[in-house]
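Remarks on the overall topology
Chain by chain, the residues:
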Amino acid sequence: QVQLVPSGGGLVQAGGSLILSCAASGRAFMTNAVGWFRQAPGKEREFVSAITSGGDRYYSESVKGRFTISRDNGKNMMYLQMNSLKPEDTAVYYCASYATSYYSPAFDPPDWGQGTQVTVSS
């Protein structure tokens, strides 16, 4: 099991940047794929990005080219750099750890952090 604690959310103007961090504990972090999801008011939770244990990255079409996921296994940390933010990026963001070293959209991560709010004003 991996415990996850996110930080870094906040209020930003459209076009601005934010970086989300997620501190992980648990020996499985290094060998698991990890990812970010988000849930906007009145909408279902959606996939944002994932990174495998080997460093392969995946993005949703809505954030590709603007967001960058990364991880630092030595520090048990994962990050989401968000640039060129849009009002439609407003959501609660969640970090998550998969049960596998690789990513598949069919997989639902078993371990989740609490959400962190990101609000983008127009």
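See the structure printed just above.
On a predicted model such as this, the values are computed, not experimentally measured, just so you know. In this numbering scheme, every chain counts its residues from 1 along its sequence in written order. Given that this is a predicted model, residues contribute local features only at a pLDDT of at least 70 and side-chain atom pairs are listed and counted only at 80 or more, while totals for whole chains, interfaces and linings are drawn from all residues. Remark: hydrogens and water are excluded; side-chain values derive from all non-hydrogen atoms of the structure.

A short note on the packing of aromatic side chains
Side-chain rings of Phe, Tyr and Trp (the six-membered ring for Trp) are treated as a pair once their centres are within 6.5 Å; stacked means planes under 30 degrees apart, edge-to-face means over 60, and tilted covers the remaining angles. Within the structure shown, the criterion is met by 7 aromatic pairs. For the ring pair Y58 and Y103, a centre distance of 4.8 Å and an interplane angle of 40° mean the geometry is tilted. With Y58 in strand 6 (residues 57–59) and Y103 in the loop between strand 9 (91–97) and strand 10 (111–112), this residue pair connects regions lying 45 residues apart in the sequence. An aromatic cluster is built from F37, F47, Y58, Y94, Y98, Y103 and W112, whose rings are joined through pairwise contacts. Two conditions define a charge sitting above a ring: the NZ of Lys or the CZ of Arg must be within 6 Å of the ring centre, and it must be within 35 degrees of the ring normal. The ring of F29 is capped by R71, whose NZ or CZ atom sits 4.9 Å from the centre of that ring. To qualify as a helix, a DSSP run of H or I must reach at least 4 residues; to qualify as a strand, a run of E must reach at least 2; elements of each kind are numbered from the N terminus.

Remarks on unusual backbone geometry
A positive phi angle, close to 55°, is found at N76, a residue other than glycine. Structurally, N76 can be placed in the loop between strand 7 (67–72) and strand 8 (77–82). One non-glycine residue, S84, lies in the positive phi region at around 50°. Relative to the elements of secondary structure, S84 occurs in the loop between strand 8 and strand 9.

Overview of the side chain of T90
Residue position: T90 is located in the loop between strand 8 and strand 9. Side-chain atoms alone can form a polar contact between residues adjacent in sequence; in general such a contact is a pair of N or O atoms within 3.5 Å, and within protein one must be able to donate a hydrogen while the other accepts it. Reaching out from T90, the side chain makes a polar contact with the backbone nitrogen of V120 at a distance of 2.9 Å. The contact rule is simple, with two residues in contact once any of their heavy atoms fall within 4.5 Å. T90 has contacts with A40, Q117, V118, T119 and V120, leaving out every residue within four places of it along the chain.

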